[in-house]
Amino acid sequence: MSTEFVDLLKKYPAGRRENLIPILQELQDQHGYIPEPAVSAIAEYLEIPAVKIYSVATFYNEFRFNAGGKYHFQVCQGIGCQVDGSERIRSELHRLLEIEPGEITADGWFSLEWVPCLGVCQEAPVLSVNGELYAKMTPVRLKELVDKFRNR
Amino acid sequence: METPRISEELQEGLHALITHQQPDSDPTLKFLGRSLRRERVERLTIFIDRTTPTSIYNTSLIEEAVEQWSDENQQISEVIETGCLGLISAEPVIGIQVPGRARLYYGPVEPADIAGMLDAITKQVIPEENLIGQMIMTGQQPWEDIPDWKKHPFFVNQSRTITSLNGVINPSSISDYIAWGGYRTFYSSIRNYSGQELMKLIEQSGLRGRSGSGFLASVKWIKAAGTTSDKRYVLCNADESDPGGYMHRVLIESNPHLILEGIMLAAYIIGANHAIIYTRSRYRTAVKRIQCALGQVRELGLLGQDILHSGYTLDIQLKRGPGAFVCGEETALISSLEGKRGSPRTKPPYPATSGLFGKPTLVHNIETLAQVPMIISKGPDFYKQTGTPGSTGTKLFSLSGKIKRLGVVEVPFGTSLGAVIDGIGGGTRNGRPAKAVLLGGPSGKFIPVSKFNLPLDLDKFNEENLVLGSGSMVLLDDDSCPINLIKNMMDFIRQESCGKCIPCRDGSKRIMEILSLISSRSLPENKYEALDRFKGVTGMLELAEVMQSTSLCGLGKCAPNPLISGMELFREELEEHVFDRTCRARVCLNMRSFMVDPVACNGCNLCFVKCPEKAIIGSPRLVHYIVDDLCTGCGKCFEVCKFNAILVN
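Because the structure is a prediction, the values reported are computed rather than measured. Residue numbering note: each chain is counted from 1, following its sequence as written. Here chains are named by letter from A upward and ligands by number from 1 upward, in the order in which they appear as written. Confidence filtering applies because this is a predicted model: local features only for residues at pLDDT of at least 70, side-chain atom pairs given and counted only at 80 or more, and all residues used for totals across whole chains, interfaces and linings. With hydrogens and water stripped out, all remaining heavy atoms of the structure feed into the side-chain values.

A.B. asks: Could you clarify how one ought to interpret the nonpolar core in this entry?
C.D. replies: In globular proteins that are soluble, nonpolar side chains generally tend to be buried together. Only buried residues count toward a nonpolar core. Its members are Ala, Val, Leu, Ile, Met, Phe, Trp, Tyr and Cys residues joined through side-chain atoms within 4.5 Å. Residue burial is assigned from relative accessible area. The probe radius is 1.4 Å, only protein chains are included, and a residue is buried under 20% of its type maximum, exposed over 50%, and partly exposed in between. Judged by nonpolar contacts, the single largest core of 110 residues is most densely connected at B:Tyr183, B:Trp221, B:Met264, B:Ile316 and B:Met473. Each helix corresponds to a stretch of at least 4 residues labelled H or I by DSSP, and each strand to a stretch of at least 2 residues labelled E; elements are numbered beginning at the N terminus. It is helix H10 (residues 256-270) of chain B that provides the largest number of residues to this core, a total of 11 residues. Contacts are assigned to residue pairs with any non-hydrogen atoms lying within 4.5 Å of each other. In contact with B:Trp221, not counting residues within four places along its chain, are B:Met199, B:Ile202, B:Ala266, B:Ile269, B:Ile270, B:Leu362, B:His364 and B:Val372. If you look at the next biggest cluster of nonpolar residues, it comprises 78 residues, including A:Ile34, B:Cys327, B:Ile483 and B:Met512.

As structure tokens, this is what we get:
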């Protein structure tokens, strides 16, 4: 077993499958994504096949296997935002960044994700970049925002 | 997260407040309670809402403004965080209280306004701008000519019971909750009553699950308590994933201890020693609040071995959900807790007999469990006074969409839909005519304006074949396109379908494809593509019905609800999309076509420069022209034009 993940795994009792999701969550919190070598380490520790871990990890929205971009865009998919025009924001982001949700641009700068309601429906449509919220987005403001990050 | 340690002296006081027969008869306890409830404050106190809806505003700037003002005026002030009153369209909301006087609530507040407001209020002059109202507590002198906050149109018709402390107390402090009578019910229950006695109360109260199906709670409870097993679980589903709703999150963030007390009582009644709260890890503030609350409860000895010498042992664990809509279904939720994919399984056996790790498990969402302390403390007869005979108590709704006053509301069952939308919500934001309400998010149905007098009642809704759902209300006005909304929700279902059963997995994908085709402009298509499109249109309803009748779980069964109800209600608009290929609300992006108004265009050349497809021809000071075949309908020209010279069709 690779020694890198031993400390983390030791916090949980071995061979208990119900700890799989908490372990994956802690890994993701630490690294921002789930590193591939960790999967085999978890498999050995919890005594389940690695394929089962992939099956679980790919099922839930939260887990990722690649690091996010330098600027991680999360666009609110809540119905409140949709009624106020988040579809325009989404299609514009698609066009500007030329990536699908879950992907990362070739230069590693931007990544994209659609997320459920961010909870600021009064300022819809909203998106968040690296956790900072931007309210009342319009395609024009979005272009300015992306340009601002590009020129940094 | 480290929870602040509670001093031993305070711990003693809090224990006394929980265990004393009548805390108000003891002068020391009465004084402690009043201070902790902040009925009396010794200095200027500012209450700032620190929940997710305010995350977009920099509330620390407000705090800084308060500090700066205090320094300049040599006043001592205190800032206290609170939960959310519920009126989200007025965020950031702050409360201001000077010693001896009632608390004033304002919103929305800008950091720049703070100094002026504090100046005025300390001079006993009340600025009326953005005032929500005053909150008068016992022993406080009310402000003259200032309306009570409960008279505000948003609050006046609400009946706040489980949300009564939201926005009033500090959610990160257990002493606030205890001072308002918290955990007293739990203590007296475990000391004086048996689980069976209390079960009778739940049975008599007619409590029904708030998750949508409205299942009678006591049936589950009796089954879970009656199944022989060495272990039992109470599972609190706080994994609110409805993309249109946020009432559960606001409740956790504003009053986490109420949820804990509900869980503790439920666990005691069914005889469980383990309970789990499952909340989504994206709700970071909510997770933090629960962690903090659990730490404080353990510190006070309200959880653990032999709670307050009653012989009862209970522990509550917090599990973070990694995000899946289908985990709202109880069997999927249990799979997820067992470390598996969150796929539902067939029922029976129901979780009440064989749930988590095969043990009897009581699964409820937080809103249902939050009702329990009140049922036990006030008794089922009192509880049944609110609501209707079939659906007792109150229900939380979250208002969003094109509504004037957004927020979380709590009304008794039986209130009419119109009273909530037009009365509490204030109708549409721009005064435009309302079109319909989508009740229940992606599993809900559209309700037209003509049915706004319908009472919000579980039985009545079943009769009308409607869905009350989790309680998210999204108002559409005539500027919104229902077809587009249905398409987006179907896309959401497609992403969130667990993939176990074919009707849901493939049906949602196919319906999404059909809806995308009918909400796009007429592109050159060969005859087979046109045939395919029409085949889709004619078969869509049948496909939806197949999905409804053959899917395994509630997610798939309810997924076609918006489509079926929308097709019936918005027939005309759907046909416009299919035959005329126009969207009257101009929302469907691919359907818009643009034209230059030759009179208004002054040839500023801006649209020419900005057009990403180079579909605009023209030169400075000449009227421009949009080439329809090149135009992709992105709408950029429309947005940049300063002279309103771009017409949309």
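A.B. asks: Just to check I follow, could you spell out the interface of chain B and chain A for this structure?
C.D. replies: One widely used convention gives an interface's size as the accessible area the parts lose upon coming together. Listed as interface residues are 59 residues of chain B and, on the opposing side, 46 residues of chain A. For the pair chain B and chain A, the summed buried surface comes to about 4200 Å²; carbon and sulfur atoms form 53% of the total. Once two parts are put together, the accessible area they lose, assessed with a 1.4 Å probe and summed over both, is termed the buried area. Three residues stand out in chain B for area buried against chain A, namely B:Ile56, B:Arg282 and B:Pro322, and they jointly supply 15% of the buried area on that side. Criterion for a salt bridge: a side-chain nitrogen of Lys or Arg within 4 Å of a carboxyl oxygen of Asp or Glu. Counting every contact that joins chain B to chain A gives six salt bridges. Looking at the side of chain B that touches chain A, the elements that each hand over two or more residues are strand S8 (315-321), helix H12 (330-337), strand S10 (394-401), strand S14 (472-477), helix H17 (482-496) and helix H24 (636-640) of chain B. Here the side of chain B that touches chain A takes eight residues from H17(B), the largest share from any one element. Residues are grouped as follows: nonpolar covers Ala, Val, Leu, Ile, Met, Phe, Trp, Tyr, Cys and Pro; charged covers Asp, Glu, Lys and Arg; every other residue, Gly included, is treated as polar. The residue makeup of the side of chain B that touches chain A, split by class, is 25 nonpolar, 18 polar and 16 charged.

A.B. asks: Explain a nonpolar patch on the surface to me, please; I cannot follow it from the model alone.
C.D. replies: Patch definition: residues with relative accessible area over 30% and no salt bridge; like charges joined within 9 Å; nonpolar side chains (Val, Leu, Ile, Met, Phe, Trp, Tyr) joined within 5 Å. All accessible areas in this document rest on Shrake-Rupley with a 1.4 Å probe, and a residue is counted as covered only by the protein chains that are shown. A cluster of nonpolar side chains, namely B:Phe215, B:Leu216 and B:Val219, defines an oily patch on the protein surface of about 250 Å² accessible area. Here B:Phe215 lies in the loop between helix H7 (195-205) and helix H8 (217-226).

A.B. asks: Could you clarify how one ought to interpret helix H21 (residues 561-569) of chain B in this entry?
C.D. replies: Given 3.6 residues to a turn, an α-helix orients residues that are three or four positions apart in the same direction. All names here are of chain B. Summarising burial for H21: seven of the nine residues are buried, a large majority. Every buried residue belonging to H21 is among Asn561, Pro562, Leu563, Ile564, Ser565, Gly566 and Met567, and all of these are buried. Buried residues in H21 make contact with strand S13 (445-448), H17, helix H18 (502-518), helix H19 (527-550), helix H20 (554-558) and helix H22 (571-580).

A.B. asks: I tried to follow the sheet that holds strand S11 (residues 407-412) of chain B on my own but got confused; where do I start?
C.D. replies: The strands that make up a sheet pair up through hydrogen bonds in the backbone, lying either parallel or antiparallel. All names here are of chain B. If DSSP finds at least two bridges between two strands, the strands pair. Ordered in space as S11-S10-S14-S12-S13, the five strands form an open sheet in which the pairing is mixed. What marks the edges here is a single partner per strand, and that holds for S11 and S13. Across the sheet, the mean angle separating the axes of adjacent strands is 30 degrees when strand polarity is ignored. By the bridge criterion, five bridges tie strand S12 (residues 434-439) to S14 in an arrangement that is antiparallel. Here an angle of 0 to 180 degrees is reported between the N-to-C directions of two axes, which are lines fitted to C-alpha atoms, with helices fitted over the stretch in contact.

A.B. asks: Even after reading the chapter, I still don't get the sheet that holds strand S7 (residues 274-280) of chain B, so can you show me in this structure?
C.D. replies: Residues and elements named next belong to chain B. Strand order in the open sheet formed by four strands is S8-S7-S6-S9, with parallel pairing between adjacent strands. Looking at the sheet topology across the chains shown, the edges are occupied by S8 and strand S9 (361-365). Sheet twist, expressed as the average angle between the axes of neighbouring strands with direction ignored, equals 20 degrees. In this sheet, S8 lies alongside S7 in parallel orientation, the contact comprising seven bridges. For Thr279, the partnering residue across the bridge sits in S8 and is Arg320.

A.B. asks: Before we go on, may I ask you to explain the layout of surface pockets in this structure?
C.D. replies: One way to see where empty space is left: roll a probe the size of a water molecule over the atoms. Residues and elements named next belong to chain B. Residues are called lining when one of their atoms sits within 4 Å of a cavity or pocket point, these points coming from a 1 Å grid over the protein atoms alone, where a cavity is a set in which a 1.4 Å probe fits but cannot get out and a pocket is an open set with protein on both sides within 12 Å along at least five of seven lines. Grid points are joined across faces, edges and corners, and a volume is the space filled by probe spheres set on the points. Looking at the second largest pocket, its volume works out to about 940 Å³. Around the second largest pocket sit 39 residues that line it, and Trp180, Gly181, Thr185, Ser377 and Lys378 are the ones nearest its centre. Across the lining of the second largest pocket, the residue classes tally to 20 nonpolar, 13 polar and six charged. Of the domains in this structure, domain 1 (23-151) and domain 2 (174-384) are the two that each give at least three residues to the lining of the second largest pocket. Domain limits in this description derive from either an automatic procedure or a database domain assignment.

A.B. asks: Is there a simple way to explain empty space enclosed by the protein in this structure?
C.D. replies: Residues and elements named next belong to chain B. Applying the stated criterion across every chain, the model contains seven cavities of 30 Å³ or more. Taken as a whole, the largest cavity spans an internal volume of roughly 100 Å³. Forming the boundary of the largest cavity are 15 residues, of which Cys601, Cys604, Cys607, Cys641 and Ala645 lie nearest the centre. Counting only elements with at least two residues in the lining of the largest cavity, the list comes to helix H23 (606-610) and H24. Among the residues forming the lining of the largest cavity, the class breakdown is 11 nonpolar, four polar and no charged.

A.B. asks: Hey, could you run me through the packing of aromatic side chains in this one?
C.D. replies: Describing an aromatic ring pair means giving the distance of the ring centres and the angle of the ring planes. Pairing of aromatic rings covers Phe, Tyr and Trp, the last counted by its six-membered ring, and requires centre-to-centre distances within 6.5 Å; plane angles under 30 degrees mean stacked, over 60 mean edge-to-face, and any other angle means tilted. Under the criterion given, the structure shown has 19 aromatic pairs over all chains. Consider the rings of B:Tyr177 and B:Tyr183, whose centres lie 5.2 Å apart with planes at 80 degrees: the pair is edge-to-face. In terms of burial, B:Tyr177 and B:Tyr183 fall into one category: buried. For a Lys NZ or an Arg CZ to count as sitting over a ring, it must be within 6 Å of the ring centre and within 35 degrees of the ring normal. Looking at A:Lys148, its charged tip hangs above the ring of A:Phe149, at a distance of 5.7 Å from the centre. The lysine or arginine in question, B:Arg249, covers the ring of B:Tyr283, its NZ or CZ lying 4.8 Å from the ring centre.

A.B. asks: I tried to follow unusual backbone geometry on my own but got confused; where do I start?
C.D. replies: Negative phi is the rule for most residues except glycine; trans is the rule for most peptide bonds. Of note, the bond from A:Ala124 into A:Pro125 is cis; its omega dihedral lies within 30 degrees of zero at -5 degrees. When you line up the elements, A:Pro125 lands in the loop between strand S2 (110-115) and strand S3 (127-129). The residue after B:Pro348, namely B:Pro349, is reached through a cis peptide bond having omega 5 degrees. Tracing the backbone shows B:Pro349 in the loop between H12 and S9. Of note, the phi angle at B:Gln74 is positive, near 50 degrees, even though the residue is not glycine. Relative to the helices and strands, B:Gln74 is located in the loop between helix H3 (59-73) and strand S2 (77-82).

A.B. asks: Is there a simple way to think about the pattern of salt bridges in this case?
C.D. replies: Two side chains of opposite charge can pair, provided their charged atoms sit close to one another. All names here are of chain B. For the structure on display, the rule yields 40 salt bridges over all chains. Taking the shortest distance from any N to any O, the salt bridge between Lys509 and Glu513 comes out at 3.4 Å. Here the residue Lys509 and the residue Glu513 both occupy positions in helix H18, the gap between them amounting to four residues, near one helical turn. Here Lys509 falls in the partly exposed class, since its relative accessible area comes to 41%. Across the salt bridge formed by Arg571 and Glu575, the nearest N and O atoms sit 3.4 Å from each other. Taken together, the residues span about one helical turn, with Arg571 and Glu575 both in helix H22 at a distance of four residues. A relative accessible area of 44% means that Arg571 is categorised as partly exposed. Judged by relative accessible area, which is 36%, Glu575 ranks as partly exposed.

A.B. asks: Even after reading the chapter, I still don't get the domain arrangement of chain B, so can you show me in this structure?
C.D. replies: Residues and elements named next belong to chain B. When the domains of chain B are assigned, the result is domain 1 (23-151), domain 2 (174-384), domain 3 (394-480), domain 4 (483-580) and domain 5 (592-648). For domain 2 versus domain 4, the separation of C-alpha centres amounts to 37 Å. Residue-level contacts link 12 residues of domain 2 with eight residues of domain 4. Taking both sides of the interface into account, the surface hidden between domain 2 and domain 4 amounts to around 800 Å²; carbon and sulfur atoms contribute 76%. Of all residues in domain 2, the largest losses of buried area upon contact with domain 4 belong to Phe325, Val326 and Pro344, amounting jointly to 56% of the total for that side. Polar contact is the term for a pair of N or O atoms within 3.5 Å; when the atoms are in protein, one must be able to donate a hydrogen and the other to accept it, and sequence-neighboring residues count only if both atoms are side-chain atoms. Applying the counting rule to domain 2 against domain 4 returns two residue pairs in polar contact (both at pLDDT 80 or more). Looking at the side of domain 2 that touches domain 4, its residues break down into five nonpolar, four polar and three charged.

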